[in-house]
Protein chains: 4
Amino acid sequence: MSSSPLLAQISRLMNEQIPFHRLIGLEVTRFASDISEVQFTWKPELIGNAPQGILHGGVTATALDMCGGLVAIASVVEGLPHDTPAAEVIQRISRCGTIDLRVDYVRPGRGDTFITTSHIIRSGNKVAVARMELHNQDNMLIAFGTGTYMVG
Amino acid sequence: MSSSPLLAQISRLMNEQIPFHRLIGLEVTRFASDISEVQFTWKPELIGNAPQGILHGGVTATALDMCGGLVAIASVVEGLPHDTPAAEVIQRISRCGTIDLRVDYVRPGRGDTFITTSHIIRSGNKVAVARMELHNQDNMLIAFGTGTYMVG
Amino acid sequence: MSSSPLLAQISRLMNEQIPFHRLIGLEVTRFASDISEVQFTWKPELIGNAPQGILHGGVTATALDMCGGLVAIASVVEGLPHDTPAAEVIQRISRCGTIDLRVDYVRPGRGDTFITTSHIIRSGNKVAVARMELHNQDNMLIAFGTGTYMVG
Amino acid sequence: MSSSPLLAQISRLMNEQIPFHRLIGLEVTRFASDISEVQFTWKPELIGNAPQGILHGGVTATALDMCGGLVAIASVVEGLPHDTPAAEVIQRISRCGTIDLRVDYVRPGRGDTFITTSHIIRSGNKVAVARMELHNQDNMLIAFGTGTYMVG
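Bear in mind the structure is a predicted one, so any value in this text is a computation, not a measurement.

Calculation rules
Residues numbered from 1 in each chain as written. Chains lettered and ligands numbered in written order. Predicted model: local features only at pLDDT ≥ 70, side-chain atom pairs only at ≥ 80, totals over all residues. Heavy atoms only, no water. Helix = DSSP H or I, 4+ residues; strand = E, 2+ residues; numbered from the N terminus. Expected span 1.5 Å × (residues − 1). Buried < 20%, exposed > 50% of the residue type's maximum accessible area, 1.4 Å probe, protein only. Phe/Tyr/Trp six-rings, centres within 6.5 Å; stacked < 30°, edge-to-face > 60°. UniProt positions renumbered as here; feature names shortened; annotations may be inferred. Contact = heavy atoms within 4.5 Å. Buried area = accessible area lost by both parts, 1.4 Å probe. Salt bridge = Lys/Arg side-chain N within 4 Å of Asp/Glu carboxyl O. Nonpolar A, V, L, I, M, F, W, Y, C, P; charged D, E, K, R; others polar.

Undergrad: Could you clarify how one ought to interpret helix H3 (residues 57-79) of chain C in this entry?
TA: Structural remark: α-helix, 3.6 residues per turn; residues separated by three or four positions point the same way. Given a rise of 1.5 Å per residue, 23 residues ought to cover 33 Å, and the 33 Å separating the end C-alpha atoms of H3(C) matches this to within 8%. For H3(C), a buried count of 21 out of 23 residues is recorded, marking the element as mostly surrounded by other parts of the structure.

Here it is as structure tokens:
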């Protein structure tokens, strides 16, 4: 199985099978080892500052963590031999997890649509480090962060 | 107005008026300048790893961020003159916000009830730094973190 | 006094008057509010891993912290009215300081010359946030980081 | 070889064979898997703020990073079978390294003697996480931090 259909399958799993992603409305819109992307739409339940209607910092942290994890997973999957059985790939991914996360909040989370992107900075067979950014639909930078992930 | 009734009022506001806190079920259970505490109960919507039923890292980050913000706000409120009008206190609080957050994930988020505690490490009239921990009902440490908050 | 001669003066002060910068050999090579740069040359005293001759992580952290502080200071200076007396500028700078620093180590610190660059991500009148990178002379990324600075 | 003589040997190596530790004057004063300790004495070369004679933030970062690395190494060594050959232990240690470091600066670094302590928070066979603190001789907290270390 080549990595692309596998990534598509994992992407569906991330969108549909992870309850907290559904609760927030996070959706994988790009999933590759060089760059991954997650989007979500403003809704009243995501508010952290009621008078101003801006996003809760925890929503931002969740989107950044998910997006960094995606690019880390994609780099693991693309590093495996092409004939690795899907079950083995899935098992490998299930061992991945966030070790630590830093979020820098730059501007209040105002907007209609939010786009999180992630890039791999350090890729190893045990640990991966990703950098993430969150922009709104007008390309205003709202937050950025760094995540360290266990990948093996 | 002394700080205690004010803290009780702010605490109610945090529990009832912030939509994302209600979505997750976060509840302020202690709110003072030396230590603050936030609790929540496991529910299926908070799952990040479906096969194992463990908390999403974003839930953990949200609880830590909220709890660190509480202790920062409490230290601001207790530092104000006792006769500060409530409206002025609320306005001062509304200018508070997270500058940056680090979360260290120690163990998978398994449990029925989760308790987050926070302590102030650095308290200034512009910036406060808090340390936070998340344990489950068996006192297992699940995550800890540090938050830097704008407070003035 | 316009900001350029002032920046040149501060830059000399950073190179010559700060003992720990001299001990390591850190030198300001670019100093502006959009990008700042610090360079240093490999020498045996900077080694952290003797058998391999690579930089100590503390050298990397020092260079990143200094470079982030520079760009934060430059943004403060350029934000002041042009006729601000030098003494007042210096006093304002002396109140600046690092609140927190994150360093991500990407590759072992091998090289002859090391170049640290920094950019401002968040600029306010109380707190500034900078992103920094350390490369060697072959443009290999060795480390990157984020610093939060008190600026007012 | 039991772990104690080995730890004593590694401790000597850290004090004498790492040039940057000697340049600053960092000395291992306690080295165990539950708590490790590093001390150093104020000297003019460590100054970061000349008028006030306070420590450079890079000195603080170096001491915290070294101390966190020590407790991570000690936990690796104590986890190995008691009859592991010293050469194999040393080889295992040489693969250890800092993945990321966060430093929170609490107070200006004033003092005569500085004591850094570290505790293990997460101990695994691939990654360890340590928490560190720096106090002066009067037990004033100057900085604290968290380090994530590759240990296998």
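What follows continues from the structure just given.
Undergrad: What's the story with the packing of aromatic side chains in this structure? I'm lost.
TA: Aromatic rings considered in pairs are described by the distance between their centres and by the relative angle of their planes. Residue and element names in this part refer to chain A. Applying the stated criterion to the full structure yields four aromatic pairs over all chains. Consider the rings of Phe40 and Phe114, whose centres lie 5.1 Å apart with planes at 25°: the pair is stacked. One end of the pair, Phe40, is in strand E2 (residues 35-41); the other, Phe114, is in strand E6 (residues 113-123), with 74 residues separating them in the sequence. Phe114 shares its class with Phe40; the two are buried.

Undergrad: Just to check I follow, could you spell out the UniProt feature "domain: Thioesterase" (unreviewed entry) in chain A for this structure?
TA: Within this numbering scheme, the UniProt entry marks residues 52-142 of chain A as carrying the feature "domain: Thioesterase" (unreviewed entry). Secondary structure over residues 52-142 of chain A splits into 35% helix and 37% strand, and the C-alpha atoms at its two ends are 15 Å apart.

Undergrad: I keep staring at the interface of chain B and chain A and nothing clicks. Help me out?
TA: Often, the extent of an interface is quoted as the loss of accessible area on bringing the components together. Taken together, the 30 residues of chain B in the interface contact 30 residues of chain A. Roughly 2,300 Å² of surface becomes buried between chain B and chain A when both sides are summed, with 61% attributable to carbon and sulfur atoms. The three residues of chain B that bury the most area against chain A are B:Phe20, B:Leu23 and B:His56, which together make up 24% of that side's buried surface. Along the contact surface separating chain B from chain A lie two salt bridges. With its nearest N and O atoms 3.3 Å apart, the salt bridge here joins A:Arg102 to B:Asp100. Put simply, the parts of the chain that give the side of chain B that touches chain A at least two residues each are helix H2 (19-24), strand E3 (47-49), helix H3 (57-79) and strand E5 (97-105) of chain B. The element contributing the most residues to the side of chain B that touches chain A is E5(B), with eight residues. Tallied by class, the residues present in the side of chain B that touches chain A amount to 15 nonpolar, 10 polar and five charged.

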